[in-house]
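Here is what each chain is made of, one letter per residue.
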Amino acid sequence: MADVDKGVNKILAATQWLGHDTFQIKAAGKVIYTDPFKLAGGVPANLILVTHDHFDHCSPDDIAMIQNADTTIVAPEGCADKLQGKVRTIKPGDKIDVEGIGIEAVHAYNTNKKFHPKASGWVGYVFTVEGVRIYLAGDTDRIPEMKHIHCDIALLPVSGTYVMTALEAVAAALDVNPQVAVPMHYASIVGTEADAKAFAAALEGKVRVQVMARKVGVGAP
Ligand SMILES: [Zn+2]
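Here is a short report on the structure shown in this document.

**Things to note about the sheet that holds strand E4 (residues 47-49)**
Item 1. Read across the open sheet, the 6 strands follow the order E1-E2-E3-E4-E5-E6; overall the sheet is mixed. Strands at the two margins of the open sheet, each flanked by one partner only, are strand E1 (15-17) and strand E6 (86-90). Direction aside, the axes of adjacent strands within the sheet are offset by 20 degrees on average.
Item 2. As defined by bridge partners, E4 adjoins strand E5 (residues 72-76) across 3 bridges and the pair is classed as parallel. Opposite Leu49, over in E5, you have Val74 as the bridge partner.

Next comes the structure, spelled out in structure tokens:
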């Protein structure tokens, strides 16, 4: 487990977890949100990444709260259809650039449950901010494609039920082998802080884990 690059620490410091799969990253002069859900306002986004069409990920009301005329939203078909403004539809394997942020859509799907079929074409993302590659896994199980993900920071679901369990996420983190793994998708719909703690404990000495404190009520400047 090597030291974490300065650039990676800088991006982590610029990242706030707003609960579930919602992160706000302020870097490269941009404001980026992932899967906005249960927001209490917030500074407008330059870029919003949406992984799939479920209400706790594709929430038009939450998106509208942080959207202005310049905001680009990237989303797969199904979700994109529900949104207005600058929307770019994406599918797994697509690579696009939004205002200098490189974005690659990757597969996200279930292997042992039915909620997120591979055939839906829903996605996770690997996006690059200030040279740091961030993997937002989306709602997924541990899938073979993860061994081919190259990233510095991995945002991984740990709750079980609709996605992989904390222990399955441990195996996924070892596959992906990021500099830092961050648990998500708990303490909102399903999963608890115990899942995040179990994830961190099982990866001790193998992959560095940062359990983020949830920032509530962000209209954060
Ligand atoms: Zn889902």
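There is more to say, and it comes next.
**Considering the sheet that holds strand E7 (residues 95-98)**
Item 1. Strands sit in the order E7-E8-E9-E10-E11-E12-E13 across an open sheet of 7 strands; the sheet is mixed. In the strand order of this sheet, the two ends are held by E7 and strand E13 (208-209), each with one partner.
Item 2. Across 6 bridges, strand E8 (residues 101-107) lies against strand E9 (residues 123-129) in antiparallel orientation. Looking across to E9, one finds that Val106 is bridged to Gly124.

**Let's talk about unusual backbone geometry**
Glycine aside, negative phi is the norm for most residues, and most peptide bonds take the trans geometry.
Item 1. You will see that Lys38, though not glycine, has its phi angle at about 55 degrees, which is positive.
Item 2. You can see Lys38 is positioned in the loop between strand E3 (30-34) and E4.
Item 3. The backbone phi angle of Glu99 is positive, close to 50 degrees, even though this residue is not glycine.
Item 4. Counting through the fold element by element, Glu99 comes out in the loop between E7 and E8.
Item 5. Residue class for Glu99 comes out exposed when judged on the 12 C-beta atoms lying within 10 Å of it.

**Brief notes about the environment of Val180**
Item 1. Note on placement: Val180 falls in strand E12 (residues 180-184).
Item 2. The class for Val180 is buried, based on 22 C-beta atoms found within 10 Å.
Item 3. Separated by 133 residues in the primary sequence, Val180 and Leu47 have C-alpha atoms spaced 23 Å apart.

**Side note on helix H4 (residues 193-202)**
Item 1. Buried residues of H4: Asp195, Ala196, Phe199 and Ala200, and no others. Buried residues in H4, looked at end-on, bunch into an arc of 135 degrees, giving them a common side. Set apart from the buried face of H4 by more than 90 degrees, the exposed residues are Glu193, Ala194 and Ala201.

**Digging into the environment of Ala2**
Item 1. The topology assignment puts Ala2 in the segment before helix H1 (6-13).
Item 2. On the neighbour-count criterion, Ala2 (6 C-beta atoms within 10 Å) is exposed.
Item 3. For Ala2 and Gln179, which are 177 residues apart along the polypeptide, the C-alpha to C-alpha distance reads 7.7 Å.

Conventions used here
- Residues numbered from 1 in each chain as written.
- Predicted model: local features only at pLDDT ≥ 70, side-chain atom pairs only at ≥ 80, totals over all residues.
- Pairing = 2+ DSSP bridges.
- Helix = DSSP H or I, 4+ residues; strand = E, 2+ residues; numbered from the N terminus.
- Axes fitted to C-alpha atoms, helices over the stretch in contact; angles between N-to-C directions.
- Buried ≥ 20, exposed ≤ 12 C-beta atoms within 10 Å, placed from the backbone.
- Arc of directions from axis to C-beta.

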